Amino acid sequence: MELIKKNKELLRIILAACIIFVGVLHFVIPGIFAKLIPAELPYPLSLVYISGFFEILGGIGLLIPLVSHAAAWGLLTLFIFVFPANINMAVNQIQLPNIPNSPWFQAARLPFQAVLIAWAWWYTRPSDNEKQASIIPGKPKPE
C-alpha cells in the first residue's frame with residue numbers, strides 16, 4: 001500500500017492519460033460506445049459524445065492543480081453515471097470488436113468500475129501542492 005501512496009502523482013498522470021484516451025475514443029469510434037447505452041436512455045450517440053467530452057475535460061483537469069479536486073469529483077460522478085452501460089454490456093452480452101466476449105470477462109469488468117471510482121476519489125483528498133503533477137509550468141498555488 002505504501003508503494004501506491006508513494007506513487008500517487010504518477011498514478012494521477014496514468015489515470016488522466018487513460019481517461020483522456022478513452023474520451024477521445026468516444027469521438028473516434030462513437031458507434032461502439034453507443035451500443036453500450038441502455039435502450040431506455042434516449043439519444044445514445046449524444047450521450048457518448050457528452051461522456052467523452054467530460055472524460056477529456058476531467059482528465060485534463062486532474063493535471064491542473066487549481067481545479068484538480070473538482071475534476072476528480074466530476075470523474076467520480078461520471079464513473080457512477082456510466083456504470084449502467086457496463087451493466088447493460090454484461091447483462092445483454094454485447095459483443096465489441098477486440099474485447100473478449102465471455103460471461104466471466106463481462107462480469108469482471110463490473111467491479112473495475114469501483115476501482116475507477118476509488119481512484120478518482122483519492123484525488124478529491126488534499127494533495128501536496130509542491131509535488132502534485134501538473135501540466136501548468138511553475139509552482140502550483142496553495143489551496
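Not measured: the values here are computed from a predicted model. (Residues numbered from 1 in each chain as written. Predicted model: local features only at pLDDT ≥ 70, side-chain atom pairs only at ≥ 80, totals over all residues. Heavy atoms only, no water.)

**Topic: the overall build of the protein chain**
Here's step 1: Check the secondary structure of the protein chain and you find seven helices and zero strands.
Here's step 2: The linear arrangement of helices and strands in the protein chain, starting from the amino end, is α-α-α-α-α-α-α.
Here's step 3: Residues counted as buried form 36% of the 143 residues belonging to the protein chain.
Here's step 4: At a minimum sequence separation of 6, the contacts of the protein chain that also span at least 24 residues come to 67%.
Here's step 5: For the protein chain, the exposed area adds up to about 8,700 Å²; of that, 74% sits on carbon and sulfur atoms. (Helix = DSSP H or I, 4+ residues; strand = E, 2+ residues; numbered from the N terminus. Buried < 20%, exposed > 50% of the residue type's maximum accessible area, 1.4 Å probe, protein only. Contact = heavy atoms within 4.5 Å. Areas by Shrake-Rupley, 256 points an atom, 1.4 Å probe, with all protein chains shown as cover.)

**Observations concerning the confidence of the model for the protein chain**
Here's step 1: Per-residue pLDDT for the protein chain has a mean of 88; in total, 93% of the residues score no lower than 70.
Here's step 2: Confidence, expressed as mean pLDDT per element, reaches its minimum in the protein chain at helix 1 (residues 2-6) with 78 and its maximum at helix 4 (residues 44-62) with 97. (pLDDT = per-residue confidence, 0-100.)

**Some thoughts on the pattern of salt bridges**
Here's step 1: Counted by the stated rule, this structure contains one salt bridge.
Here's step 2: With its nearest N and O atoms 2.6 Å apart, the salt bridge here joins Glu-9 to Arg-12. Here Arg-12 and Glu-9 lie together in helix 2 (residues 8-28), a separation of three residues that amounts to about one turn.
Here's step 3: By relative accessible area, which is 16% here, Glu-9 ends up buried.
Here's step 4: The exposure class assigned to Arg-12 is buried, which follows from its relative accessible area of 0%. (Salt bridge = Lys/Arg side-chain N within 4 Å of Asp/Glu carboxyl O.)

**As for the nonpolar core**
Here's step 1: Counting residues in each nonpolar core, the largest one holds 16 residues, and the members touching the most others are Leu-15, Leu-62, Leu-75, Phe-79, Trp-119 and Tyr-123.
Here's step 2: The set of elements that each furnish at least two residues to this core consists of helix 2, helix 5 (68-81) and helix 7 (103-122).
Here's step 3: Beyond its immediate chain neighbours, meaning those up to four positions away, Leu-75 contacts Ile-19, Phe-54, Glu-55, Gly-58, Gly-59, Leu-62 and Ala-120.
Here's step 4: With five residues, the next largest nonpolar core counts Leu-36, Met-89, Ile-94 and Leu-96 among its residues. (Core = buried A, V, L, I, M, F, W, Y, C linked by side-chain atoms within 4.5 Å.)

**Quick look at the environment of Tyr-123**
Here's step 1: Among the structural elements, Tyr-123 can be located in the segment after helix 7.
Here's step 2: According to the relative accessible area criterion, Tyr-123 is buried, its value standing at 0%.
Here's step 3: Residues Tyr-123 and Ala-133 lie ten residues apart in sequence; the distance between their C-alpha atoms is 11 Å.
Here's step 4: Among the polar contacts listed, one links the side chain of Tyr-123 to the backbone oxygen of Lys-8, at a separation of 2.5 Å. (Polar contact = N/O pair within 3.5 Å; in protein donor to acceptor, adjacent residues only side chain to side chain.)

**A look at helix 6 (residues 83-91)**
Here's step 1: Along helix 6, the positions that sit buried rather than exposed are Ala-85, Asn-86, Asn-88, Met-89 and Ala-90.
Here's step 2: Residues of helix 6 that are buried in the fold lie against helix 7.
Here's step 3: Within two residues after helix 6, Gln-93 carries a phi angle of roughly 45 degrees, on the positive side.

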